[in-house]
Amino acid sequence: MKAKIGRSVLELVEGDITEQRVDAIVNAANEGLRGGGGVDGAIHRAGGPEIMAECRRIGRCPTGSAVITTGGQLPARHVIHAVGPVWRDGAHGEPNLLAGAYRSSLQLAEEHNLRTIAFPSISTGVYGYPIDRAARVALRTVADYLKGDTRVELVRFVLFGRSAYDVYVQALQELADRDEAIQLVS
Ligand code: ADP
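Caption draft 1: How the structure looks around the layout of surface pockets. Counted as a void, the largest pocket has a volume near 630 Å³. If you go around the largest pocket, you meet 29 residues; those closest to its centre are A28, G38, V39, D40 and G125. Take the lining of the largest pocket: its biggest share by element is 4 residues, from helix α1 (residues 38-47). Across the lining of the largest pocket, the residue classes tally to 16 nonpolar, 11 polar and 2 charged.

Caption draft 2: Up close: unusual backbone geometry. Non-glycine residue L33 carries a positive phi angle of around 50°. By the element assignment, L33 lies in the loop between β3 (24-28) and α1. One non-glycine residue with positive phi stands out, namely S123, at about 75°. Relative to the assigned elements, S123 resides in the loop between β6 (116-119) and α4 (131-147).

Caption draft 3: Examining the site of the ligand more closely. Near the ligand, the surroundings consist of 15 residues, among which D16, V39, S123, G125 and V126 are the closest. One nitrogen or oxygen atom from the main chain of I17 is found 3.0 Å from a nitrogen atom belonging to the ligand. In isolation the ligand offers 570 Å² of accessible surface; the protein chains occlude 88% of this area. Judged by the fraction of its atoms near the pocket grid, the ligand is located in the largest pocket. Counting residues per element, the shell around the ligand draws most heavily on α1, at 3 residues. For the shell around the ligand, the per-class residue count stands at 8 nonpolar, 6 polar and 1 charged.

Caption draft 4: Structural view of the side chain of E94. By the secondary structure assignment, E94 is in helix α3 (residues 94-111). Comment: no salt bridge for buried E94; closest opposite-charge side chain is R88, at 5.6 Å. At a separation of 3.3 Å, a polar atom in the side chain of E94 contacts the main-chain amide nitrogen of A91. When neighbours within four sequence positions are excluded, E94 is seen to be in contact with P85, V86, W87, R88, D89 and Y129.

Caption draft 5: The arrangement of the nonpolar core in detail. Residues L12, F119 and F157 are the most contacted members of the largest nonpolar core, which totals 46 residues. Examining the composition of this core, we find that 9 residues originate from one element, α4, more than from any other. Sequence-distant contacts of F119, that is, excluding residues within four places in its chain, are made with I17, V26, Y102, S105, L106, V142, V155, R156, F157 and V158. Core analysis: the next-biggest nonpolar cluster, separate from the first, contains 18 residues, I25, C61, A76 and V83 among them.

Caption draft 6: Local environment of the packing of α4 against helix α5 (residues 162-178). For the pair α4 and α5, the least separation of the axes is 9 Å and the interaxial angle reads 50°. If you check the angle between α4 and α5, you find them oblique. The element α4 and its partner α5 pack so that their crossing is right-handed. In this structure, α4 uses I131, D132, A134, A135, R136, A138, L139, R140 and A143 to contact α5, whose residues at the interface are A164, V167, Y168, A171, L172 and L175. Of the residues that constitute the contact of α4 with α5, the class distribution is 12 nonpolar, no polar and 3 charged.

Here is what the cut-offs are and how they apply
- Residues numbered from 1 in each chain as written.
- Predicted model: local features only at pLDDT ≥ 70, side-chain atom pairs only at ≥ 80, totals over all residues.
- Heavy atoms only, no water.
- 1 Å grid on protein atoms, 1.4 Å probe; cavity = no way out; pocket = protein on both sides within 12 Å on 5 of 7 lines; lining within 4 Å.
- Points joined across faces, edges and corners; volume = space filled by probe spheres on them.
- Helix = DSSP H or I, 4+ residues; strand = E, 2+ residues; numbered from the N terminus.
- Nonpolar A, V, L, I, M, F, W, Y, C, P; charged D, E, K, R; others polar.
- Near = heavy atom within 4 Å.
- Polar contact = N/O pair within 3.5 Å; in protein donor to acceptor, adjacent residues only side chain to side chain.
- Areas by Shrake-Rupley, 256 points an atom, 1.4 Å probe, with all protein chains shown as cover.
- Sits in = over half its atoms within 2 Å of the grid points.
- Buried < 20%, exposed > 50% of the residue type's maximum accessible area, 1.4 Å probe, protein only.
- Lys, Arg positive; Asp, Glu negative; His and termini not counted.
- Salt bridge = Lys/Arg side-chain N within 4 Å of Asp/Glu carboxyl O.
- Contact = heavy atoms within 4.5 Å.
- Core = buried A, V, L, I, M, F, W, Y, C linked by side-chain atoms within 4.5 Å.
- Axes fitted to C-alpha atoms, helices over the stretch in contact; angles between N-to-C directions.
- Parallel < 35°, antiparallel > 145°, perpendicular 65-115°, else oblique.
- Left-handed = near helix turned anticlockwise from the far one by under 90°.

Here it is in structure tokens:
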């Protein structure tokens, strides 16, 4: 599914983020940038040790923000490591922190002149954020960002598995129904 927002495109696909040929892929990282399971493990395995070496030099990244490294051997030139919140009950600032992870990633991409960026569904694996709620926050944050003055041309959400994809499709449809700046194109 695809939507036009301003001059940019927001796209949802089902797939593996490590295979994306974009300027940057986003990693769902932890504050210590130590790597781990899920999408984080997959990115470090596919990209090779250069990425972890840079993570070690950077050190830490607070929840709700992001840092950038090389993409190592990945088809993507860069990895943006964004730290989403661990879900507790929704009353501990989780939506703001999740929005912050997406917004910081987009701002970093902008600062580095990157035009195409792929996101996973941050926080919805080990961190336990309910995916329907996370999808609404993720899509609203990215859509609002793309409405502004940006040189980012493409934001692709790469959803791992059909059920995650379906949740994001539903959330994007609902968002587009209420916001005429979001034009569904396919
Ligand atoms: P978090 O700790 O932020 O919850 P996880 O990596 O555990 O991060 O999960 C985040 C999301 O990434 C989950 O929805 C998971 O299904 C998805 N995921 C796992 N591997 C990949 C991959 N190779 N490409 C895209 N998404 C992935």
